[in-house]
Amino acid sequence: KSSPDAAPQRLPFSTVTSEDLDFFRKLLPGRAITDQDVVESSNVDWLKSVRGSSEVLLRPQTTDEVSQILRYCNGRNLAVNPQGGNTGLVGGSVPVYDEIILSTSLMNNIMNFDNISGILTCQAGCVLENLSLYLEDRDYIMPLDLGAKGSCQIGGNVATNAGGLRLLRYGSLHGTVLGLEVVLADGRVLDCLATLRKDNTGYDLKQLFIGSEGTLGVITAVSILCPRKPKSVNVVFLGCETFEQLLKTFQLCRGMLGEILSAYEFLDSECMKLLNTHLKLPNPISECPFYIVIETSGSDSSHDSQKLHNFLEEAMTATLVTDGTVATEDSKIKALWSMRERITEALTHDGFVYKYDISLPVERIYQLVTDMREHLRGRAKRVVGYGHVGDGNLHLNITSPAKDPALLAAIEPFVYEWTSRFQGSISAEHGLGLKKRNYIYYSKPSQAVALMGGLKAMLDPNGILNPYKTLPDKLK
Ligand code: FAD
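Parameters and conventions
Residues numbered from 1 in each chain as written. Predicted model: local features only at pLDDT ≥ 70, side-chain atom pairs only at ≥ 80, totals over all residues. Heavy atoms only, no water. Axes fitted to C-alpha atoms, helices over the stretch in contact; angles between N-to-C directions. Helix = DSSP H or I, 4+ residues; strand = E, 2+ residues; numbered from the N terminus. Parallel < 35°, antiparallel > 145°, perpendicular 65-115°, else oblique. Contact = heavy atoms within 4.5 Å. Nonpolar A, V, L, I, M, F, W, Y, C, P; charged D, E, K, R; others polar. Pairing = 2+ DSSP bridges. Near = heavy atom within 4 Å. Polar contact = N/O pair within 3.5 Å; in protein donor to acceptor, adjacent residues only side chain to side chain. Areas by Shrake-Rupley, 256 points an atom, 1.4 Å probe, with all protein chains shown as cover. Domains from an automatic or database assignment. Buried area = accessible area lost by both parts, 1.4 Å probe. Salt bridge = Lys/Arg side-chain N within 4 Å of Asp/Glu carboxyl O. Phe/Tyr/Trp six-rings, centres within 6.5 Å; stacked < 30°, edge-to-face > 60°. Buried < 20%, exposed > 50% of the residue type's maximum accessible area, 1.4 Å probe, protein only. Lys NZ or Arg CZ within 6 Å of the ring centre and 35° of its normal.

Enquirer: I'm lost on the packing of helix α1 (residues 18–27) against helix α3 (residues 63–76) in this one. Help?
Expert: Axis angle and axis distance: for two packed helices, these are the angle between their axes and the distance between the axes, and together they describe the pair. Between α1 and α3, the shortest axis-to-axis distance is 11 Å and the interhelical angle comes to 170°. What the angle tells us is that α1 and α3 run roughly antiparallel. Here α1 contributes E19, D20, F23, F24 and L27 to the contact with α3, which in turn contributes E65, Q68, I69, Y72, C73 and R76. Residue classes in the contact of α1 with α3 are distributed as six nonpolar, one polar and four charged.

Enquirer: What is the right way to look at the sheet that holds strand β1 (residues 32–33) in this model?
Expert: Either a parallel or an antiparallel arrangement is found when strands of a sheet pair, and the pairing is made through backbone hydrogen bonds. Read from one edge to the other, the open sheet built from four strands follows the order β1-β2-β4-β3, with strand pairing classed as mixed. Because the sheet does not close on itself, it has two edges, and the strands there are β1 and β3 (80–83). Packing against the sheet, α3 makes contact with β2 (57–58), β3 and β4 (100–103), and its axis sits at approximately 165° to β4.

Enquirer: Even after reading the chapter, I still don't get the site of the ligand, so can you show me in this structure?
Expert: Of all residues adjacent to the ligand, which total 35 residues, the nearest are P82, G84, G85, T87 and G88. Within the contact set of the ligand, an oxygen atom lies 2.9 Å away from a side-chain nitrogen or oxygen of T160. G163 has a polar backbone atom sitting 2.8 Å from an oxygen atom of the ligand. When the ligand sits alone it has 970 Å² of accessible area, and the protein chains cover 97% of it. Sorting the residues of the shell around the ligand by element identifies β3, α5 (154–160) and β9 (218–225) as the ones contributing at least two each. If you tally residues by element for the shell around the ligand, the top one is α5, at five residues. When grouped by side-chain class, the residues that make up the shell around the ligand number 11 nonpolar, 22 polar and two charged. The two domains that each donate at least three residues to the shell around the ligand are domain 1 (1–229 + 441–467 + 472–476) and domain 3 (350–435).

Enquirer: Is there a simple way to explain the domain arrangement of the chain in this structure?
Expert: One widely used convention gives an interface's size as the accessible area the parts lose upon coming together. Split by domain assignment, the chain resolves into domain 1 (1–229 + 441–467 + 472–476), domain 2 (232–343) and domain 3 (350–435). Using C-alpha coordinates to define each centre, domain 2 is positioned 24 Å away from domain 3. Counting from both sides, the interface comprises 17 residues of domain 2 and, opposite them, 18 residues of domain 3. Of the roughly 1,400 Å² buried between domain 2 and domain 3, counting both surfaces, carbon and sulfur atoms make up 66%. At the junction of domain 2 with domain 3, the criterion picks out two salt bridges. Two residues, D268 and R373, come together in a salt bridge whose shortest N-O distance is 3.2 Å. Run the count over domain 2 and domain 3 and you get eight residue pairs in polar contact (both at pLDDT 80 or more). Sorting the residues of the side of domain 2 that touches domain 3 by element identifies α9 (243–257), β11 (261–268) and α10 (269–279) as the ones contributing at least two each. Of the residues contributing to the side of domain 2 that touches domain 3, the split by class is 11 nonpolar, one polar and five charged.

Enquirer: What am I meant to see in the sheet that holds strand β7 (residues 177–183) here?
Expert: Ordered in space as β5-β6-β9-β7-β8, the five strands form an open sheet in which the pairing is antiparallel. Looking at strand neighbours, the two that pair on one side only are β5 (110–114) and β8 (189–192), the edges of this open sheet. The average angle at which neighbouring strand axes cross in this sheet is 10°, direction not considered. Examined bridge by bridge, β7 and β9 share six bridges and lie antiparallel to one another. When the bridges of β9 are listed, E181 appears paired with A221. Of the strands in this sheet, β7, β8 and β9 touch α3, which is tilted by about 45° from β7.

Enquirer: Sorry, what's going on with the packing of aromatic side chains here?
Expert: By the definition in use, this model includes 19 aromatic pairs. The interplanar angle of 70° and the centroid separation of 5.3 Å between the aromatic rings of F243 and F266 together place this pair among those described as edge-to-face. Within this pair, whereas F243 is found in helix α9, its partner F266 is found in strand β11, the two being separated by 23 residues in sequence. Of the two residues examined, F243 and F266, each falls in the buried class. A centroid spacing of 6.4 Å and a plane angle of 35° characterise the contact between Y439 and Y442, whose relative ring orientation is tilted. The class for Y439 is partly exposed, based on a relative accessible area of 21%. Of the aromatic side chains, those joined through ring pairs into one cluster are F243, F266, F290 and Y366. For the cation-ring pair, R138 lies above Y134, with the distance from its terminal atom to the ring centre recorded as 3.7 Å. It is K476 that lies over the ring of Y441; its NZ or CZ is 4.1 Å from the centre.

Here is the structure:
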């Protein structure tokens, strides 16, 4: 029943009784779900790699309902698993044992949008893509975008501190989130839903919950600063022979495109094979060892095209890139972006996937892929690399026909030791969840982890919120 990822023993939480169900059904008429066919999909993660055995799925609509649920669960010592769109990739979004699943899916109201400041305030369960569509009608965009946008929710994005495709331009959620409303484990509502860009009155508590993966509180509402919709967007898909050339192209591009550069992403030829084979997406250019997706966003199309033209000419003349194509209209832009956005999906068709999300000094990121290939010497089906070059973030994925403990033992701790040697982070943007919690010490000193444990104990003394996740089983 327990997770394959070596979850610790079930902690001594209570189990749900018929009296508990009576309470939930009265509080949430028709929204306290025990039908196992419905609960099942919330017990399994997006990758289908982790499965819990919860029998209860709660769907509150208001902050007050979340507060009442948590107050009750805290009093009864019932464990709770907050869940957004369930697209998380580290096993944090589903229960490990029988934790009650608290889904924010019905908390999907937009509360306010200020057309002058660009500040959006909404409930945590709003789906990212719906927010993007809402804003586009008003000439704004969300400051983040990711391949899971059709399902992930803004509360889940904040809880995982999701990075994604626009971080290079608009920065992380630690900068764009202006306020949060959070329900604490004992049901207290922490109203830090400010809409101010500047506010230095004491500690900035909302930052604690950004990236806390549901272990410190349930985020119920978010206010976020949104940029204006760019008037001109171009996407370029380029091919190059070596990773060194790809980095030189990045340097050139930063210098020549400057303020209009909004994304610089890469994929290797193994990713291209996955896209061709599993999703039938054809390569838009000739075959190359590396591919680059560059996006520019600006306010003057002739100015942007001129800059882009000059950059491409220079990159070709310096033989940094060997082939390429440019898109200015929407459908082609989407088609080129899907070559990058749909790799995660293509991987799931290739077999069992071991996923690593590593941050490193940018000049090192591909060396990990080549070293891993060498280290595994044909034991894996495929070792692929892609990611956010602009942020020094590599997605290293290793596939095998089926789950393979011997292969896993060859990958870990090798991958973590390698990352630690170069002062990297073992989780750049996906978080730790269930799967990576015990590797935290490769990236954080024991004093920092002990302080995290202290914060958890203060905010959630009974440990009911998302147990077995984020923090290691043993504090050093
Ligand atoms: P869930 O998966 O439901 O939950 C994730 C974690 O947050 C869990 O620990 C959960 O307990 C907690 N949580 C959820 N909602 C709340 C809440 N309201 N309050 C407190 N805790 C909560 N990530 C990136 O950073 N960049 C990417 O580019 C990226 N691309 C992706 C592409 C694909 C195809 C997929 C499937 C995933 C991708 N991800 C990416 C992973 C990313 O973490 C999630 O997609 C997203 O941020 C999680 O949102 P969610 O609503 O699905 O949360």
